[in-house]
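Listed below are the residues making up each chain.
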Amino acid sequence: KLSQRLGLLLEQIPRGSKLADIGSDHALLPLAAVQTGRAASAVAGEVNPGPFRAAQKAVQDAGLTGRISVRRGDGLEVLRPEEADCITIAGMGGALIASILNRGSLEGKLGGVRTLLLQPNVGEDILRRWLLDNGWVLTAEALLEEDGKRYEVLTAVPEDKDTGVTNESLYADAAKAGGERPYRMDMLLNMGPWLIRQPNPVFFAKWQDEISKLERIRKSLSHSEQESAESKRSEIGEFIQEITEVLACLP
Ligand code: SAM
């Protein structure tokens, strides 16, 4: 059975997609996507030999070698131009996902892609920044907790000025939700322009934990005499303050 995390990604795949799942491990997502009709066909990309063989075997066992192509390679290099219209990258850090997208984008591998579905384990802000800087607009964000871990699922589409799907309007609307003190860009990239407007209990728990973690770091820095430690301490203090204010404003 698919985890709740992968189930959430699955639901976001537009029906009939030409899917590419990068870092596919056991190819669970492309298998479920093809079996449910979410994907018409799929590429499962893996850079490491163990997971690559596991993916090959899983696809063979399911009798789906005709519809799922398992390929060994780094990031989007496994794709031919225009081959996929939906790309999923899940279960890695946000910086790694951003670097895979960046390289792929420079190599023209994102032409024809209509949907990016990304599930960073950490470094969500880095990934949101990459999307913003590269003309991808978040259209949905989900945050869930499963087996004691929290996951974010980000959905992005290409910016389109004709239909008004732009980062400018996304972030302007999200900032306004702060009311008298509009949310700052930095906080929106950290917390998520959709999540901040639809906070669930997991969101509160996540940011409360983040505050506790930052408090511990701040405390450990107080033992240092160095000037750089002092400036780091006040930077962390400001960040804690800002998170606290955002949480206090939320319904
Ligand atoms: N996507 C699956 C999921 O969410 O359940 C598997 C996640 S697993 C933690 C991360 C996988 O990404 C590993 O199997 C790893 O080999 C693969 N990986 C890491 N860097 C990669 C890259 N640059 N290109 C392709 N695969 C990569």
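Residues numbered from 1 in each chain as written. Predicted model: local features only at pLDDT ≥ 70, side-chain atom pairs only at ≥ 80, totals over all residues.

The chain carries the name tRNA (Adenine-N(1))-methyltransferase in an unreviewed UniProt entry, which gives Paenibacillus rhizophilus as its organism.

With that out of the way, let us pick up the site of the ligand. Residues in contact with the ligand amount to 15 residues; listed here are only the nearest, Gly 23, Asp 25, Val 47, Ala 90 and Gly 91. Of all the secondary-structure elements, those providing two or more residues to the shell around the ligand are strand S2 (39-46) and strand S4 (86-92). When residues in the shell around the ligand are grouped by element, the largest group, three residues, is from S4. Considering only residue class, the shell around the ligand consists of six nonpolar, six polar and three charged. (Near = placed C-beta within 6 Å. Helix = DSSP H or I, 4+ residues; strand = E, 2+ residues; numbered from the N terminus. Nonpolar A, V, L, I, M, F, W, Y, C, P; charged D, E, K, R; others polar.)

By secondary structure assignment, the location of Ala 95 is in helix H4 (residues 94-106). When the C-alpha positions of Ala 95 and Glu 124 are compared, they lie 8.1 Å apart, and in sequence the two are 29 residues distant. With near-sequence residues (within four places) excluded, Ala 95 lies in contact with Gly 123 and Ile 126. (Contact = placed C-beta atoms within 7 Å.)

Next up on the list: the environment of Ser 24. Its place among the elements puts Ser 24 in the loop between strand S1 (17-22) and helix H2 (28-35). Judged by local crowding, Ser 24 falls into the buried class, with 30 C-beta atoms found within 10 Å. Residues Ser 24 and Ala 44, spaced 20 residues apart in sequence, show a C-alpha to C-alpha distance of 5.6 Å. When near neighbours in sequence (up to four residues on either side) are disregarded, Ser 24 contacts Leu 29, Pro 30, Ala 44, Gly 45, Glu 46 and Ala 55. (Buried ≥ 20, exposed ≤ 12 C-beta atoms within 10 Å, placed from the backbone.)

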